[in-house]
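Architecture at a glance
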Amino acid sequence: MAVDFEREVYCVLGLPLDAVDMAGAVQRIENAVARREPCFVSTPNTNFLIGCLTDGRFRDSVIQSDLCVADGMPLVWVARALGVPLRERVSGSGLFERLREASRSRLRVYFFGGDEGIGEAACRRLNAQAGGLVCVGAESPGFGSVEEMSSEDRIERINASGADFVVVSLGARKGQAWILRNRRRLSATVVIYLGAVINFIAGRVKRAPRWMQRAGLEWLWRIGQEPSLWRRYLFDGLTLLRLIATRVAPYAWCIHRHEWRGEQLASDAIVELED
C-alpha cells in the first residue's frame, strides 16, 4: 500500500477520513484520471462505521483507500466534536452528481452491480443527458460470491469498455471486498462503491431533498422510499449512540478540559515572566 504524506487524513472512531470538501474530492478524482493514477475511493457512513467494528476485512478495505470521504452527517458531527477539521459532508451520490455536472473531460463510467436491468437503465438515462460522465457499460453479476464475481471474463469486459470510472453496487461489504480483490486487475483509474447511486440514476429511487441531506435526515427519506431499511438504520443508530456516550463524549470533554487548562497555564506563565 502506497503512503501519501500529502493527504490530510484523520482517524475518526477507527476509520480514516480525508479533510476535503466536495470541490476538493472532485479535483482529486479528476487529477487521478488525468495522470492515470489508480484511485480507490471509499465513502464511509454510519453503516460502514458500525460494520467495521466487527469486520476486520471490511475495515481494512476502508483503510487501504486512496481517498476516504465522510458520507453521512453523523460522522461529520462526531469528527467536529473531536476537533477534526472536516469541512463538510461529501456524499457518494453528491460526488457522482458533481462529476456529472462539472467534470473537465467526459469520464467513461461502468456500472457493476444492482438488480437485473438496473445498470442498463442507469446507463441509458445517464447517456440521454449531456454532462461530464458517459456510460460505456453495465453488468449485474447476481448474488454469487466475490470470487465468482471476479472471473476473468468479467474483468476483461470491464477493461475492454475503456472505462475510467467503475461504480460498484454490490452491498457495502461485498462491494468493498470486490474492489480490494480486483483493483489491480482493472485498467480503470477510479473504482468506488456507491450502493444507491445506480438506483438514483436509473430513476428507481428518488434522492432526499437537499434540506434533509444537510440536516442529516436523509435516512428518514430512504426509509420512506425503501421501508425494509428501517431495521438497519435502527441498529446502526443505537450502536452509534452507544459509541457517542462511551467514546466520543468522554474524549470531547477531555479535549475541552485540557484546552482550558492549557490556556490557563500559559496565562500564568506569562504573568510570572512579566514579574
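Shown above is the structure to which this text applies.
Residues numbered from 1 in each chain as written. Predicted model: local features only at pLDDT ≥ 70, side-chain atom pairs only at ≥ 80, totals over all residues. Heavy atoms only, no water.

1. Examining the overall build of the protein chain
Selection criterion: Here a helix means four or more residues in a row that DSSP labels H or I, a strand means two or more in a row labelled E, and each is numbered from the N terminus. We compute the radius of gyration from the C-alpha atoms alone; for a globule the expected value is 2.2 Å times N to the 0.38, where N is the number of residues. Exposure is judged per residue with a 1.4 Å probe applied to protein chains only, and the accessible area is read against the type maximum: over 50% gives exposed, under 20% gives buried, and values in between give partly exposed.
Per the secondary structure count, the protein chain includes 12 helices and eight strands. Against the 2.2 N^0.38 benchmark of 19 Å for 275 residues, the protein chain shows a C-alpha radius of gyration of 21 Å, consistent with a compact globule. In terms of overall dimensions, the protein chain has a C-alpha envelope of 75 × 40 × 35 Å along the principal axes. In the protein chain, which comprises 275 residues, the share counted as buried stands at 48%.

2. Structural notes on a nonpolar patch on the surface
Heads up, the rule is: In this analysis, a patch consists of residues with relative accessible area above 30% that form no salt bridge, clustered at 9 Å for like charges and at 5 Å for the nonpolar side chains Val, Leu, Ile, Met, Phe, Trp and Tyr. Using the Shrake-Rupley algorithm and a 1.4 Å probe, accessible areas are obtained, with residue cover drawn only from the displayed protein chains. In the sections that follow, a salt bridge refers to a side-chain nitrogen of Lys or Arg positioned within 4 Å of a carboxyl oxygen of Asp or Glu.
Taken together, the side chains of Trp230, Leu234, Leu238, Leu241 and Ile244 define a hydrophobic patch exposed on the protein surface, amounting to about 480 Å² of accessible area. Along the chain, the position of Leu238 falls in helix H12 (residues 230-274). Given a relative accessible area of 52%, Leu238 falls into the exposed group.

3. What to know about unusual backbone geometry
Backbone phi values are negative for most residues with the exception of glycine, while trans is the configuration of most peptide bonds. Notably, Leu13 is not glycine yet its phi reads approximately 50 degrees, a positive angle. Among the structural elements, Leu13 can be located in the loop between strand E1 (9-12) and strand E2 (15-18). We classify Leu13 as partly exposed; its relative accessible area is 26%. Even without being glycine, Arg36 reaches a positive phi, approximately 60 degrees. With respect to the helices and strands, the residue Arg36 is situated in the loop between helix H1 (22-35) and strand E3 (39-42). By relative accessible area, which is 46% here, Arg36 ends up partly exposed.

4. Notes on the environment of Lys206
To be explicit about the condition: Only heavy atoms matter for contacts: two residues are in contact if any of them lie within 4.5 Å across the pair.
Note that Lys206 resides in the loop between helix H9 (197-202) and helix H10 (210-214). A relative accessible area of 60% means that Lys206 is categorised as exposed. Put simply, Lys206 and Gln225 are 19 residues apart on the chain and 7.6 Å apart in space, counted from C-alpha to C-alpha. Excluding residues that lie within four positions of it along the chain, Lys206 makes contacts with Phe200, Trp221 and Gln225.

Taken by themselves, the reported measurements are silent on function.
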